[in-house]
Amino acid sequence: MNDSALLRLENIGKDFGPVTVLNGIDLEIASNEFLTILGPSGSGKTTILRMIGGFDQPTRGRITLNGKDLHGLPINRRPFNTVFQDYALFPHYSVRRNVAYGLVVRGLPRAVIDKRVEDTLKIVGLESYATRLPHELSGGQRQRVALARAIICEPRVILLDEPLAALDVTLRAQMCRFLKDMQRRLDVAFVFITHDQQEAIAMSDRIVVMRDGCIEQIGTPETIYASPNSRFVAGFFGENNLIDGTVVSIDVDHCLVDTAIGRLNCRFSALGLAAGRPVHVALRPEIIGISPDEGHSFTIKDVQFSGPSIMVEAADAATGAVPLRFRIQGGKTAQLPKAGDLVNLTWSVEDAFALPAGSAHG
Amino acid sequence: MPYPPGQLMANRTISPQRWLVNFFCLGVPTLFVLAPIGSFILYSFWQNQNGELVRELTLENYQAFFSDNVFLGVFVQTIALCLGATLVNVVTGYAIALFAARRSPKLRFAMILLFMLPLFTSYIIKIYAVRGILGHRGVLNELLLAAGLIDQPVTAFIFSQTAIFIALVVLYLPFAILPIYLAIERIPENLGVASADLGGGAFDELWRIVLPLSMPGVVIAAVFTFVMTLGDFVAPQMVGGTGGFTFGRIVFTQFGVALNWPLGAALAVVLLFTALAAVGLAGLSSRWSTAR
């Protein structure tokens, strides 16, 4: 499919005893992309990382690097380095020694090691912390040491196993930018594991959404956000209104769906969508607006002030069913609806997206 | 804590529970540990004249130790013996502990239990077992005879300095294994994984990660074996016979045979301070295990 793929996972499966934790994983990783594997805990995302790193062996399928099978290659001979979830820094070594480790075990001359350690510490902004021990550092600094220790080995791929999970919210946002910036500067592939969709959207070139040991969807953050191919993905990425319906007719990339609030025209991208199929119409809260004259008639149920915007809950005026949540801009001049108001809700056809009911792989 | 200091003090002095806790945590140890030590330190400054105890402070007992080449000679020899036993025990103990720590959890537990089993056995029985192995017609000699490696039983195994050395190693090995094992087991598994991930081999992991991080256990093992072998006089008595003599035996002789308690006490004080020096040295070693 992609000739520039550096790392290729072909039909990978993994069983632990009678339990299959991964099945049919096909994945290609380009030499300089930031790929995020996103999924809830237990979805098998960490197992993928562990198999790339060589910590676990796949039960089925193969992993190739530039076309060469990695089977049987021990951990220490794989050109990948890992940033562990708890960093796994060597507690008895200073920052300098931790970072130098990969070069020391390769037997490089002292002068070369010192130079490269110094350079690497500069890259991650820790040059003034060289003699500190890990327990004398903050969480964010430890994170940087773990990254420095990995990048100094000049790996082809850096594997990051939920490295931001242990950090607080502000620091996490900061580290997100830092990691993305690092990846661009180093021009190396990052495979990033997370269960946090915000991290995934903020950093990734591509996102792999995992569910129950299978890949649910692969795509750019924009694609996955705007065109989820299953209810699971649609619900995993932020808030989404899902309206049940049935496909009436189908065009090249648009379809008509019968729902409780009438016939809706939507985009779709899933293969195998045909007339008669049950679907969900996904409407993001931010794409719904109130119109003075046209649209679907809804009754306002609740209005919640939430800082920068206002969250409104509404239901179909006629039946009281089909609850929708949407967001409108606040501000002093805004005409805010009140509970009980009758309003017309509209959205662009391009923003309504039909996805097959049930999961992508049935 | 946001207590005014006065109130905190008041709490301490008033509360009867705290008084009880203090008594058991500080009072009882003082009574049963420090008081006997204090009394024999006092003894060591008294004197035995013709079988009579003279309660006058004197340094004569210490002068006797430092001016007598027999005392000094045996003292140095004993320290060398105990250092040797410590070295052998720590190295052997490390190998066993490392081997056990790398097994599956079930096997690991079984192995450690097996190696700790001697600790549940009476000390005297263990010594007789050692004698049974090392003796003139002991297991070791019989085996070597049967294998044709020797034509006469080797006498050096028993009633010699070598016999004491072997006995001390055998008797105190569990005390070396346990702290080392606990230290190795405490090292997070993912540090080894990280070492491999960064390109390190098995030797790198052992030498750069496991060994330095288990150093506290090694130090405790060394202190345990050294201090305990230093003070042991029963094993040297039982397997040393006339051919093997240790400082512990000399101390015992002063109390039990010569009935010169002040001299015995002085020699015991020398032993005590040697042991304390070993512990102090071990305390300093915590600085070695980190590298900046």
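K.L.:
I'd like a rundown of the overall build of chain A, residues and numbers included.
P.N.:
When helices and strands are tallied, chain A shows eight helices and 20 strands. For the C-alpha atoms alone, the extent of chain A along its principal axes is close to 80 × 50 × 35 Å. Going through the 362 residues of chain A one by one, you find that 43% of them count as buried.

K.L.:
Tell me what's going on with the overall build of chain B, and back it up with residues and numbers.
P.N.:
When helices and strands are counted, chain B shows 14 helices and two strands. In terms of overall dimensions, chain B is more spread out than a globule: its C-alpha atoms have a radius of gyration of 24 Å, far above the 19 Å expected for 292 residues. Along the first, second and third principal axes, the C-alpha set of chain B runs to 80 × 70 × 35 Å. Burial analysis of chain B (292 residues in total) assigns 32% to the buried set. A separation threshold of at least 6 residues defines the contact pool for chain B, and within that pool the share at least 24 residues apart is 71%.

K.L.:
Pulling in residues and values, what's your account of the environment of M238(B)?
P.N.:
Residues and elements named next belong to chain B. In this structure, M238 sits in helix α12 (residues 234-240). Between the C-alpha atom of M238 and that of A194, which follows or precedes it by 44 residues, the distance is 50 Å. Those residues in contact with M238 that lie beyond four places of it in its chain are I127 and R131.

K.L.:
Would you mind going over the interface of chain B and chain A in detail, with residue names and values included?
P.N.:
Listed as interface residues are 18 residues of chain B and, on the opposing side, 22 residues of chain A. Broken down by element, the residue count for the side of chain B that touches chain A peaks at six residues, all from helix α9 (residues 189-197) of chain B. Considering only residue class, the side of chain B that touches chain A consists of nine nonpolar, six polar and three charged.

K.L.:
Hey, could you go over the nonpolar core for me, with residue numbers and the actual values?
P.N.:
Grouped burial of nonpolar side chains is what soluble globular proteins tend to show. Formed by 158 residues in total, the largest nonpolar core has its most connected members in V191(A), V281(A) and I180(B). It is helix α8 (residues 161-186) of chain B that contributes the most residues to this core, 18 residues altogether. When neighbours within four sequence positions are excluded, I180(B) is seen to be in contact with G93(B), Y94(B), A97(B), S214(B), G217(B), V218(B) and A221(B).

K.L.:
Break down unusual backbone geometry for me, citing the residues and quoting the values.
P.N.:
Here N66(A), not a glycine, exhibits a phi torsion of approximately 50°, which is positive. Inspection of the secondary structure assignment puts N66(A) in the loop between β4 (60-65) and β5 (68-69). Positioned with a positive phi, L259(B) is a non-glycine residue whose angle comes to about 55°.

K.L.:
Explain the sheet that holds strand β13 (residues 262-268) of chain A to me, using residue names and the numbers behind them.
P.N.:
Residues and elements named next belong to chain A. Read around the barrel, five strands follow the order β11-β12-β13-β20-β14 and close on themselves; strand pairing throughout is mixed. Strand after strand, the sheet turns through a mean of 55° between neighbouring axes, direction not considered. Examined bridge by bridge, β13 and strand β20 (residues 353-356) share two bridges and lie parallel to one another. Within β20, the residue paired with R267 across the bridge is F353.

K.L.:
Quick one: what's the story with the environment of T36(A), residue by residue and with numbers?
P.N.:
Residues and elements named next belong to chain A. Summarising the element assignment, T36 is placed in strand β3 (residues 34-38). For T36, a count of 27 C-beta atoms within 10 Å corresponds to the buried category. The spacing of T36 and T194 is 158 residues in sequence and 7.2 Å in space, taken between C-alpha atoms. Ignoring anything within four residues of it in the chain, the contact list for T36 reads F192, T194, A200, M203, S204, I207 and V208.

K.L.:
Which residues make up the confidence of the model for chain A, and what are the values?
P.N.:
As a note on interpretation, predicted positions should not be read in detail where pLDDT is low. Summarising the model, chain A shows a mean pLDDT of 89, and 96% of its residues fall at 70 or more. In the model of chain A, helix α8 (residues 231-236) of chain A stands out as the element of lowest mean pLDDT, 86, in contrast to helix α2 (residues 95-104) of chain A, which has the highest, 96.

K.L.:
Describe the pairing of strand β12 (residues 254-259) of chain A, and please don't skip the residues or the numbers.
P.N.:
Residues and elements named next belong to chain A. Here five bridges tie strand β11 (residues 241-250) to β12, and the two strands are oriented antiparallel to one another. The residue bridging G245 from the neighbouring strand is T259, located in β12. Taking the residues that link successive antiparallel strands as the turn, the β11-β12 hairpin has three residues. Relative to β13, β12 runs antiparallel, the two sharing six bridges. Bridge pairing links L256 to N265 in β13. Where β12 folds back on β13, the antiparallel hairpin that results is connected by two residues.

K.L.:
Describe the packing of helix α3 (residues 60-67) of chain B against helix α14 (residues 261-284) of chain B, and please don't skip the residues or the numbers.
P.N.:
All names here are of chain B. Two elements in contact, α3 and α14, have axes separated by 9 Å at closest approach and are oriented at 65°. Read as a crossing pair, α3 and α14 show a hand that is right-handed. The residues of α14 that touch α3, namely those facing N61, Y62, A64 and F65, are P262, L263, A266, L267 and V270. Here the contact of α3 with α14 is built from residues that sort into eight nonpolar, one polar and no charged.

K.L.:
Help me get a handle on the sheet that holds β4(A), residues and values and all.
P.N.:
Residues and elements named next belong to chain A. On the basis of which strands lie adjacent, the open sheet formed by four strands has the order β2-β1-β4-β5 and antiparallel pairing. The outermost strands of the open sheet, each flanked by one partner alone, are β2 (19-30) and β5. As defined by bridge partners, β4 adjoins β5 across two bridges and the pair is classed as antiparallel. Counterpart to T64 in the pairing with β5 is D69.

K.L.:
I'd like a description of the confidence of the model for chain B, backed by residues and values.
P.N.:
On average, residues of chain B score 88 in pLDDT, and 93% of them reach the 70 mark or higher. Within chain B, no element has a lower average pLDDT than helix α1 (residues 5-14) of chain B, which sits at 52, and none a higher one than helix α10 (residues 202-213) of chain B, at 95.

Rules and cut-offs
- Residues numbered from 1 in each chain as written.
- Chains lettered and ligands numbered in written order.
- Predicted model: local features only at pLDDT ≥ 70, side-chain atom pairs only at ≥ 80, totals over all residues.
- Helix = DSSP H or I, 4+ residues; strand = E, 2+ residues; numbered from the N terminus.
- Buried ≥ 20, exposed ≤ 12 C-beta atoms within 10 Å, placed from the backbone.
- Rg over C-alpha atoms; globule rule 2.2 N^0.38 Å.
- Contact = placed C-beta atoms within 7 Å.
- Nonpolar A, V, L, I, M, F, W, Y, C, P; charged D, E, K, R; others polar.
- Core = buried A, V, L, I, M, F, W, Y, C linked by C-beta atoms within 7 Å.
- Pairing = 2+ DSSP bridges.
- Axes fitted to C-alpha atoms, helices over the stretch in contact; angles between N-to-C directions.
- pLDDT = per-residue confidence, 0-100.
- Left-handed = near helix turned anticlockwise from the far one by under 90°.

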